[in-house]
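Examining the three-dimensional arrangement
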Amino acid sequence: MSGIDILMITYDRPEYVRLSLPHLLDTCTDDARVWLWHNGSDAATLAAVEEFRHDPRVHRFHHSPTNAGLREPTNWLWSESSGDYLSKVDDDCLPDKSWLEVLRRAQDDVPEFGVIGTWRFPESDVRQDLVDQKLAEYAGGHRLMRNHWVQGSGYLLKRAMVDRTGLLAEDDSFTSWCLKAARLGFVNGWIYPFLPEDHLDDPRSPRTIYHTDEDFMARRPLSAQKTGVKTVAEWTEQMKRSAYVVQAASLDLREYSGWRQRSRSLTKRVRRAITGRAPW
């Protein structure tokens with residue numbers, strides 16, 4: 001059996017790390033190993049990482065004194081690991097305890113699957129009418145809500161996907177990289193019924209650190225800073241909007257290139273100029 005290599009990037013969230021890192025280790029299958037990349041110099045977060053970094057399921061550890069972001073640690077895993085399956089779990093996420101077993105079985109059974117993921121939104125965000133339009137059935141009885149990208153946590157992808165698509169380029173987000181892979185014929189999406197992932201940065205999570213607007217402003221996620229969100233209520237609406245976007249997103253790849261893509265980018269720029277906020 002081939003192995004699974006899983007990346008976790010930790011940064012400035014000691015409360016989350018003490019939840020997410022042991023949870024990840026406990027959900028590892030026998031052939032899975034964890035690659036830890038710690039960003040920054042926050043002493044409390046590094047201390048939380050140190051509590052677990054010598055666990056036998058931790059295969060490699062790297063400490064970057066500065067915040068290296070997403071691309072460098074992801075390419076570190078993709079280029080230096082040997083597993084036939086690759087994954088990343090964010091330090092603010094707790095995927096379902098069976099996530100690796102379920103996603104691995106689907107990947108083994110369906111050669112065309114590229115990146116498939118767990119689902120980070122609450123039941124109240126699910127629009128069944130939209131989901132049903134994108135559901136497809138595959139070998140082994142697996143069902144997928146197809147989408148050309150998934151979120152960058154709690155997913156499992158085939159090594160062959162990286163071999164064909166390449167590493168993350170300087171201008172790539174995980175979304176744009178998934179779209180590149182979709183254009184090569186890989187089928188992406190969320191396994192269905194959805195496998196839950198508790199997203200701790202969602203104010204609706206029972207384990208979130210965001211209880212007041214003051215809490216939120218003191219430790220805003222980078223995406224909230226980029227989009228100009230300043231309150232818990234606004235951030236919650238952003239989460240709801242994100243859930244709608246992925247359920248309603250077109251499966252027509254032409255929508256994500258050429259004039260259609262340029263039109264959407266212009267609309268976002270105009271909306272940001274008017275409202276001071278650029279929704280996802």
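Refer to the structure printed above.
Computed from a predicted structure; not experimentally measured.

Reading the values: rules and limits
- Residues numbered from 1 in each chain as written.
- Predicted model: local features only at pLDDT ≥ 70, side-chain atom pairs only at ≥ 80, totals over all residues.
- Heavy atoms only, no water.
- Helix = DSSP H or I, 4+ residues; strand = E, 2+ residues; numbered from the N terminus.
- Rg over C-alpha atoms; globule rule 2.2 N^0.38 Å.
- Buried < 20%, exposed > 50% of the residue type's maximum accessible area, 1.4 Å probe, protein only.
- Contact = heavy atoms within 4.5 Å.
- Areas by Shrake-Rupley, 256 points an atom, 1.4 Å probe, with all protein chains shown as cover.
- Lys, Arg positive; Asp, Glu negative; His and termini not counted.
- Charge placed at Lys NZ, Arg CZ, Asp CG, Glu CD.
- Core = buried A, V, L, I, M, F, W, Y, C linked by side-chain atoms within 4.5 Å.
- Salt bridge = Lys/Arg side-chain N within 4 Å of Asp/Glu carboxyl O.
- 1 Å grid on protein atoms, 1.4 Å probe; cavity = no way out; pocket = protein on both sides within 12 Å on 5 of 7 lines; lining within 4 Å.
- Points joined across faces, edges and corners; volume = space filled by probe spheres on them.
- Nonpolar A, V, L, I, M, F, W, Y, C, P; charged D, E, K, R; others polar.
- Phe/Tyr/Trp six-rings, centres within 6.5 Å; stacked < 30°, edge-to-face > 60°.
- Polar contact = N/O pair within 3.5 Å; in protein donor to acceptor, adjacent residues only side chain to side chain.

Brief notes about the overall build of the protein
Within the protein, the secondary structure is distributed over 11 helices and 11 strands. Against the compact-globule benchmark of 19 Å for 280 residues, the protein has a radius of gyration of 18 Å, which places it among compact chains. Over its C-alpha atoms, taken along the principal directions, the protein stretches across nearly 50 × 50 × 35 Å. When the 280 residues of the protein are sorted by exposure, 50% land in the buried category. Here the analysis covers contacts within the protein between residues at least 6 apart in sequence; of these, 76% occur between residues at least 24 apart. By element, 50% of the accessible surface of the protein is carried by carbon and sulfur atoms, the whole surface being about 13,000 Å². For the protein, the centre of its 38 positive side-chain charges and the centre of its 41 negative side-chain charges are spaced 7 Å apart.

Overview of the nonpolar core
By size, the foremost hydrophobic cluster in this structure holds 34 residues, and its most contacted members are Trp-78, Val-115, Trp-119, Leu-157, Phe-174, Trp-177 and Phe-194. Of all the secondary-structure elements, those providing two or more residues to this core are strand S1 (4-10), strand S2 (32-39), helix H3 (71-80), strand S9 (155-158), helix H6 (159-165), helix H7 (174-183), strand S10 (187-192) and helix H10 (232-248). In terms of residue count, H7 provides more of this core than any other element does, five residues in total. Sequence-distant contacts of Phe-174, defined by excluding residues within four places in its chain, comprise Leu-70, Trp-78, Val-115, Val-150, Gln-151, Gly-152, Tyr-155 and Leu-157. Judged by nonpolar contacts, the second largest core, of 30 residues, contains Ala-48, Val-89, Leu-100 and Leu-156.

Thoughts on the pattern of salt bridges
Tallied over the entire structure, the rule returns 19 salt bridges. Between Asp-202 and Arg-204 there is a salt bridge, with its nearest N and O atoms 2.9 Å apart. The exposure class assigned to Asp-202 is buried, which follows from its relative accessible area of 3%. Notably, a salt bridge pairs Glu-237 with Lys-240, separated by 3.5 Å at the nearest N-O pair.

Points about the layout of surface pockets
Looking at the second largest pocket, its volume works out to about 270 Å³. The wall of the second largest pocket is formed by 17 residues, among which Trp-119, Phe-121, Pro-122, Glu-123 and Pro-196 lie closest to the centre. Per-element accounting of the lining of the second largest pocket gives the leading share, three residues, to strand S11 (residues 197-199). Residues belonging to the lining of the second largest pocket are distributed by class as follows: eight nonpolar, three polar and six charged.

So, the side chain of Asp-125
In this fold, Asp-125 is placed in the loop between strand S6 (113-117) and helix H5 (128-134). What makes Asp-125 buried here is its relative accessible area of 9%.

Describing the environment of Asp-5
Relative to the assigned elements, Asp-5 resides in strand S1. In this structure the C-alpha to C-alpha distance between Asp-5 and Trp-76, which are 71 residues apart in sequence, comes to 11 Å. In this view, Asp-5 contacts Arg-33, Trp-35, Leu-77, Ser-81, Ser-82, Gly-83, Tyr-85, Leu-86 and Ser-87; residues no more than four positions away in its chain are not counted.

What about unusual backbone geometry?
The linkage connecting Tyr-192 with the following residue, Pro-193, adopts the cis geometry, with an omega of 0 degrees. In this fold, Pro-193 is placed in the loop between S10 and S11.

Examining the packing of aromatic side chains
Tallying each qualifying case throughout the model produces 13 aromatic pairs. Each ring, one from Trp-119 and one from Phe-194, has its centre 4.1 Å from the other, and the planes form 10 degrees; the classification is stacked. Taken together, the residues span a long stretch of sequence, with Trp-119 in the loop between S6 and H5 and Phe-194 in the loop between S10 and S11 at a distance of 75 residues. Judged on exposure class, the residue Trp-119 and its partner Phe-194 are both buried. The interplanar angle of 40 degrees and the centroid separation of 5.8 Å between the aromatic rings of Phe-216 and Trp-235 together place this pair among those described as tilted. Remark: Trp-235 occurs in helix H10 and Phe-216 occurs in helix H8 (residues 213-218); sequence separation between them is 19 residues. This pair shows no difference in class: Phe-216 is buried, exactly as Trp-235 is. Here the aromatic residues Trp-119, Phe-121, Trp-190, Tyr-192 and Phe-194 are joined through ring pairs into a cluster of three or more.

Concerning the side chain of Ser-205
Note on placement: Ser-205 falls in the loop between S11 and H8. For Ser-205, a relative accessible area of 7% translates into the label buried. Of the polar contacts made by the side chain of Ser-205, one reaches the side chain of Asp-198; its length is 2.8 Å. Ignoring sequence-local partners within four residues, the contact set of Ser-205 consists of Asp-198, His-199 and Leu-200.

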